[in-house]
Amino acid sequence: MKKLIKQLEIHQDIAVHKKVNQFYYMEQIEELTMIIEQSEAAYKRALMFSRWMEASYLTAYENWQRDARWVNQYLVQQQRSKPIL
């Protein structure tokens, strides 16, 4: 689109400018640039959220693993301490 605008600036023929509206393309370039910037910002936010979720999950999983081991050991000790009769 930028090349087309450049060519339209170089060739100032009335016939070309009647047929092709360079301002339309200039607006489209601006709009697409803004959309790309917003997409990049959204991607960065999603990446930060993903990292936060992963860290939270890992912390919860580590706590669960530690607690599950403790409960299992406790239950094993309880069974060993019960009298047979």
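Going by the structure above, here's the rest.
These lines cover the structure that appears in this document, whether it is placed above or below. (Residues numbered from 1 in each chain as written. Predicted model: local features only at pLDDT ≥ 70, side-chain atom pairs only at ≥ 80, totals over all residues. Heavy atoms only, no water.)

### Brief notes about a nonpolar patch on the surface
As a reminder, the rule being used: Exposure above 30% relative accessible area and no salt bridge define the residues that can form patches, which grow by joining like charges within 9 Å and nonpolar side chains of Val, Leu, Ile, Met, Phe, Trp and Tyr within 5 Å. Surface exposure here means Shrake-Rupley accessible area, sampled with a 1.4 Å probe, where a residue is shielded only by the protein chains that are shown. Within this document, salt bridges are pairs made up of a side-chain nitrogen of Lys or Arg and a carboxyl oxygen of Asp or Glu, the two lying within 4 Å of each other. Labels follow the DSSP assignment, with helices taken as runs of H or I lasting at least four residues and strands as runs of E lasting at least two, numbered in each case from the N terminus. Whether a residue is buried, partly exposed or exposed follows from its accessible area with a 1.4 Å probe, protein chains only, as a fraction of its type maximum: under 20%, in between, or over 50%, in that order.
Judged by side-chain polarity, Tyr57, Leu58, Tyr61 and Trp64 come together as a nonpolar surface patch covering roughly 470 Å² of accessible area. With respect to the secondary-structure elements, Trp64 resides in helix H3 (residues 22-81). Take Trp64: its relative accessible area is 53%, and that puts it in the exposed class.

### Observations concerning the pattern of salt bridges
As enumerated under the stated definition, the model contains one salt bridge in all. Across the salt bridge formed by Arg66 and Asp67, the nearest N and O atoms sit 3.7 Å from each other. On the basis of relative accessible area, Asp67 is assigned to the partly exposed category, the value being 41%.

### Details of the packing of aromatic side chains
Using the following cut-off: Only Phe, Tyr and Trp rings take part, Trp by its six-membered ring, and two of them pair if their centres are within 6.5 Å. Stacked means planes under 30 degrees apart, edge-to-face means over 60, and tilted covers everything else.
Using the criterion set out here, one finds five aromatic pairs in the structure. Taken together, the ring pairs in this structure connect Tyr57, Tyr61 and Trp64 into an aromatic cluster.

### Focus: the environment of Val76
Within the fold, Val76 resides in helix H3. Residues Val76 and Ala41, 35 residues apart in the sequence, show an inter-C-alpha distance of 52 Å.

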